[in-house]
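# Close look at the chain arrangement
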Amino acid sequence: MIRRIQKFEAMPGLQLFVRFDDGKAVVYDVLDDVRDIPSYAPLETVPGLFAQVQLDQSRTCVFWNEDIDLPSDVIYDFGREVSDSATSIES
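Quick look at the structure, then. (Residues numbered from 1 in each chain as written. Predicted model: local features only at pLDDT ≥ 70, side-chain atom pairs only at ≥ 80, totals over all residues. Heavy atoms only, no water.)

## Description of the packing of aromatic side chains
All told, the structure shown has two aromatic pairs when counted by the stated rule. Here the aromatic rings of Phe20 and Tyr76 are separated by 4.9 Å at their centres, their planes lie at 75°, and the arrangement is edge-to-face. Pair noted here: Phe20 is in strand S2 (residues 15-20) and Tyr76 is in helix H3 (residues 72-78), with a separation of 56 residues, a long-range link. In this pair, the class of Phe20 matches that of Tyr76, namely buried. On the numbers, 5.6 Å between centres and 20° between planes, the contact of Phe50 with Trp64 is stacked. (Phe/Tyr/Trp six-rings, centres within 6.5 Å; stacked < 30°, edge-to-face > 60°. Helix = DSSP H or I, 4+ residues; strand = E, 2+ residues; numbered from the N terminus. Buried < 20%, exposed > 50% of the residue type's maximum accessible area, 1.4 Å probe, protein only.)

Put into C-alpha cells, the structure is as follows:
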C-alpha cells in the first residue's frame, strides 16, 4: 500500500514531522540520511534548504530539489511514531 502524506513540517535538527492519511504521525531524522547519502549533504550545509521541503503532487514523496527526496514509505517505516496532538501544522 502506498502511504500518502497528509501534513508535514521541517523541524529543528534536520527532523521532519509527518502525518499520514491513516492517522499515523512520525518524526523522521533526516540527519541519518545526510551522514549516509552524499547527495543529502546540502540539507546540512546550505542555509535554509531543509526548511524548503515540499510535497509532490501524488503526496507520496517529500523533496527539496531534483537531487534530494524521501519516499513516504521510508518515512512511514523508519520514522519514530509520535502523537501529533501538540503539533498544529497546516502543510
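From this point on, the discussion continues.
## Description of the sheet that holds strand S5 (residues 61-65)
Hydrogen bonds between backbone atoms are what pair the strands of a sheet, whose relative direction is either parallel or antiparallel. Sheet architecture is open: three strands sit in the order S4-S5-S6, paired in antiparallel fashion. Two strands bound the open sheet, and with one partner strand each, they are strand S4 (54-55) and strand S6 (68-71). By the bridge criterion, two bridges tie S4 to S5 in an arrangement that is antiparallel. Along S5, the bridge assignment pairs Gln54 with Phe63. (Pairing = 2+ DSSP bridges.)

## Brief notes about unusual backbone geometry
Trans peptide bonds make up the majority, and among non-glycine residues the majority have a negative phi. With a phi close to 55°, Leu14 is a non-glycine residue in the positive phi region. Residue Leu14 is classed as buried on the basis of its relative accessible area of 13%. Positioned with a positive phi, Arg59 is a non-glycine residue whose angle comes to about 65°. Looking at the element boundaries, Arg59 is found in the loop between S4 and S5.

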